[in-house]
Structures are given as C-alpha cells and as structure tokens.
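One letter stands for each residue in the lines below.
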Amino acid sequence: MIDLKKIEELLEECLPKEDEGYGLLSSAMRYSILGGGKRLRAIMLIESFRLFSDDKELEEYTAYPFACALECIHGYSLVHDDLPAMDNDEYRRGALTTHKRYGHAMGILTGDALLNYSAEIITSAGENLEKNKPDYYMDNMRNFMRAASILYKNAGAFGMIGGQVLDVEGFKDNARPDENMLATMCELKTSRLFQSALCCGAILAGADETAVSLLDDIGRLMGLAFQIRDDILDVTASFAETGKDTGSDEKNNKSTFVSIFGLDAAREKIKELYDEMMMKLLKLPGDKSAFETLFGRLFSI
Ligand code: GRG
C-alpha cells in the first residue's frame, strides 16, 4: 500500500507556502489539510490506479495530483461542515476546527480557497503533462479530462453538496427519514468522494468501462458503510479515538442509522455492505491486497 508519508509529502509540497498570498489564508489552508487525517481518498485513488497500470511516470503526473486535489476537496468539505451554520464543531483531527482557530470568516474563505485550489492542482498538472511529456499528453488527455469531470460532478450540486443539502434541510429536528432517504443522502454526501477516488484512479490508468463501473459500485457501498461506521463512532468512541467532538449528531438533533435502527442493526448493515464490497472487489484485476487490508481495518467494527 502506498506509504502515508509519501502522501503527506505530496500534500505538503503542493499547498501554498505559509508566507505566500494574503493574510493568514495559506496558513489556514495548510492547517486544514496538513493536520492529520487518514488520507483514505488519496490512498484509494493511487491504489486504484495501480490495479491497472505500473507506469510510475504516469502515476506521478496524473494520479498524484488528482489524489492531492481530492484531499483538498475533502478537506474543504470538513472545514465547512464544522462551521457554526452547519455542525458547529470545535474539534477535528484532534485539534481545533479551522473556524475555531482562525475565525468564522476565515473558515468560510479557507474552504472556498481549498475547493478552488483543487482545480488549480488539476489544471497545473494538465499543463505540466503537456510541457514535460507531450507524448503522454496526447495519449492520456481524454482520460485526464474524464477523471476531472467525474471528480467535480461527484463533489458538486448533484453530488456531495447536494447530499449535504439533504442532510441540513431534511434531517434536522429529529425528522425520521426512511432507510431509502437516509441511503440517498449518504450516497451523495459520503460515497461520492470515495467513488471519485476509485474511478478517477482507474480511469487515469486506462481501465475499461466494466472495471470503472464495478469500482463506482464499490465506492458507493463503501461510503454507506463508512457513514454508518461514523454514526456508530459518534455514540461509542471517545475524543481520543476520533479526534473530533463525539455526540455531535445528538447535539444537532440529527437522525442517523444508529438513532433510527439502533447499534446492532447498524453493525449488521456494515457487515452486509462489507461482504458485498469484497465480492465485487474479487472481480477486479491486479493485486487487491491494499483494498482488502484497508476495508478489513475500517469495517471490523
Ligand atoms: C460542507 C459541502 C459540504 C459537505 C460536507 C463530508 C461532509 C459533507 C460532511 C462530513 C460529515 C461527516 C463527518 C460524514 C461522515 C463521513 C466522513 C466524510 C467522515 C470524515 O472523513 P474521514 O474519516 O476524515 O476520512 P479524515 O480526517 O480521516 O480525513
């Protein structure tokens, strides 16, 4: 599995330097991204690329920047999700949330800047490819553009942001959504970025449609399982384990898998989703051990 240290180095290099730009914005961007996190989406994107290609140069020019861009998108979503107008959380990744550390206005602006920066990373990577590897550029631009399109659609109004709207508008004040509504919200809010990780990595490596569609499905199932896991941790884990405010869902009167169906049913659902994911994983080519390890670690709850 790709080394976590390598991903930290890539992120550290690609973000603006502390003293660049205006006011404390670069500092806040670095604080929001470099202060920990499991880097699941970056790891999955690179490991998905590796299922279909062992071309290290192509990986460096395409998969690495996409992995960094995806972590910036994920980071922005967490910064905004923690804001007083949303979950109003004080701690994330074991430290103060961005708005608690830098102020509310800077929390909003830092999230905005990170989302925009993700696009800057991708477009610069395209330019680098054209300048330094014109032959690769000709061969891979179509895949590159397709991956970029998937990345932003999944993050946007009909993807993650849409899911957040359902969450904010439809799940407050102890509303009792049924299982289908809950699943739709989670697929949009949480699954879409995992689907981006798996599909973008594969597409950049030149995977065929059957494989991309399988990966899309695995990402969807994984997001559901991941959200249920998060709901369970919110009521069972301590701050030391999660690094963030626990009991946040109850504080915000949010209906979750756990509050609606109970802990046992939530654990059972994760097991079902895990089994389905593993069955689909078997149908993919290449060495899948990184995914087996990752999914095993995440979902043995
Ligand atoms: C504000 C537009 C907007 C969207 C927010 C992702 C999201 C949408 C909200 C986060 C709510 C939440 C805690 C969902 C549970 C799943 C999740 C995304 C958890 C955090 O992801 P991890 O555990 O975080 O991968 P790290 O810190 O490891 O990177």
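Data block above holds the structure.
*Asks:* Quick one: what's the story with the overall build of the protein chain, residue by residue and with numbers?
*Replies:* Scanning the protein chain for helices and strands turns up 15 helices and two strands. The C-alpha radius of gyration of the protein chain comes to 19 Å, within 12% of the 19 Å expected for a compact globule of 301 residues. Across the 301 residues in the protein chain, those meeting the buried criterion constitute 53%. Considering only intrachain contacts with a sequence separation of at least 6, the fraction spanning at least 24 residues in the protein chain is 73%. For the protein chain, the accessible surface area stands at approximately 13800 Å², while carbon and sulfur atoms represent 52% of it. When the 34 positive and 50 negative side-chain charges of the protein chain are each reduced to one mean point, those points stand 1 Å apart.

*Asks:* Quick rundown of the pattern of salt bridges? Include the residues and the values.
*Replies:* What the rule picks out here adds up to 17 salt bridges. In this structure, lysine 133 and glutamate 57 form a salt bridge, with 2.9 Å as the shortest nitrogen-oxygen distance. With lysine 133 in the loop between helix H6 (104-132) and helix H7 (134-155) and glutamate 57 in helix H4 (residues 56-81), this pair connects stretches of sequence that are 76 residues apart. The partly exposed category is assigned to glutamate 57, whose relative accessible area is 36%.

*Asks:* Pulling in residues and values, what's your account of the nonpolar core?
*Replies:* Phe66, Phe295 and Phe299 are the most contacted members of the largest nonpolar core, which has 86 residues in total. In terms of residue count, the dominant contributor to this core is helix H9 (residues 179-204) (13 residues). Apart from the residues lying within four places of it in its own chain, the contact partners of phenylalanine 295 are Ile218, Met222, Tyr274, Met277, Met278 and Leu281.

*Asks:* How would you sum up helix H8 (residues 160-170)? Please name residues and give values.
*Replies:* For H8, the set of buried residues is Met160, Gly162, Gly163, Gln164 and Asp167. Here the buried face of H8 lies against H4, H7 and H9.

*Asks:* Describe the site of the ligand, and please don't skip the residues or the numbers.
*Replies:* The environment of the ligand is made up of 19 residues, and the closest members are Lys38, Arg41, His74, Arg93 and Phe226. The separation between an oxygen atom of the ligand and a polar side-chain atom of lysine 38 is 2.6 Å. Within the complex, the protein chains bury 93% of what would otherwise be the 690 Å² of accessible surface of the ligand. Listed by contribution, the elements that provide at least two residues to the shell around the ligand are helix H3 (40-52), H4, H8, H9 and helix H10 (209-236).

*Asks:* Let's hear about the side chain of threonine 97: which residues, and what values?
*Replies:* Note on placement: threonine 97 falls in the loop between strand E2 (95-96) and helix H5 (98-102). With a relative accessible area of 2%, threonine 97 lands in the buried category. If we skip the residues at most four places from it in the chain, threonine 97 touches Tyr31, Asp82, Asp89, Glu90, Tyr91 and Arg92.

*Asks:* Mind laying out unusual backbone geometry, listing which residues take part and the relevant values?
*Replies:* Backbone geometry places asparagine 88, a non-glycine residue, at a positive phi of 55°. Judged by its relative accessible area of 38%, asparagine 88 falls in the partly exposed class. One non-glycine residue, arginine 93, adopts positive backbone phi at about 55°. Residue arginine 93 is classed as partly exposed on the basis of its relative accessible area, which comes to 22%.

*Asks:* Before we move on, can you summarise the packing of helix H1 (residues 4-14) against H4 with the specific residues and values?
*Replies:* The N-to-C vectors of H1 and H4 enclose an angle of 75°; their axes lie 10 Å apart at closest approach. It follows that H1 is roughly perpendicular to H4 by the angle criterion. Here Lys6, Leu10, Leu11 and Cys14 of H1 lie close against H4, whose contacting residues are Tyr64, Cys68 and Glu71. Of the residues that constitute the contact of H1 with H4, the class distribution is five nonpolar, no polar and two charged.

*Asks:* Give me H10: which residues, what numbers.
*Replies:* For H10, which comprises 28 residues, the first-to-last C-alpha distance of 40 Å matches the rise-based estimate of 40 Å (1.5 Å per residue) to within 8%. With a side-chain oxygen lying 3.2 Å from the backbone nitrogen of threonine 210, the N-terminal cap of H10 falls on aspartate 208.

*Asks:* Kindly report on the packing of H4 against H6, identifying the contributing residues and their values.
*Replies:* For the pair H4 and H6, the least separation of the axes is 8 Å and the interaxial angle reads 170°. Classified by the angle their axes make, H4 and H6 are roughly antiparallel.

Thresholds applied
- Residues numbered from 1 in each chain as written.
- Predicted model: local features only at pLDDT ≥ 70, side-chain atom pairs only at ≥ 80, totals over all residues.
- Heavy atoms only, no water.
- Helix = DSSP H or I, 4+ residues; strand = E, 2+ residues; numbered from the N terminus.
- Rg over C-alpha atoms; globule rule 2.2 N^0.38 Å.
- Buried < 20%, exposed > 50% of the residue type's maximum accessible area, 1.4 Å probe, protein only.
- Contact = heavy atoms within 4.5 Å.
- Areas by Shrake-Rupley, 256 points an atom, 1.4 Å probe, with all protein chains shown as cover.
- Lys, Arg positive; Asp, Glu negative; His and termini not counted.
- Charge placed at Lys NZ, Arg CZ, Asp CG, Glu CD.
- Salt bridge = Lys/Arg side-chain N within 4 Å of Asp/Glu carboxyl O.
- Core = buried A, V, L, I, M, F, W, Y, C linked by side-chain atoms within 4.5 Å.
- Near = heavy atom within 4 Å.
- Polar contact = N/O pair within 3.5 Å; in protein donor to acceptor, adjacent residues only side chain to side chain.
- Axes fitted to C-alpha atoms, helices over the stretch in contact; angles between N-to-C directions.
- Parallel < 35°, antiparallel > 145°, perpendicular 65-115°, else oblique.
- Nonpolar A, V, L, I, M, F, W, Y, C, P; charged D, E, K, R; others polar.
- Expected span 1.5 Å × (residues − 1).

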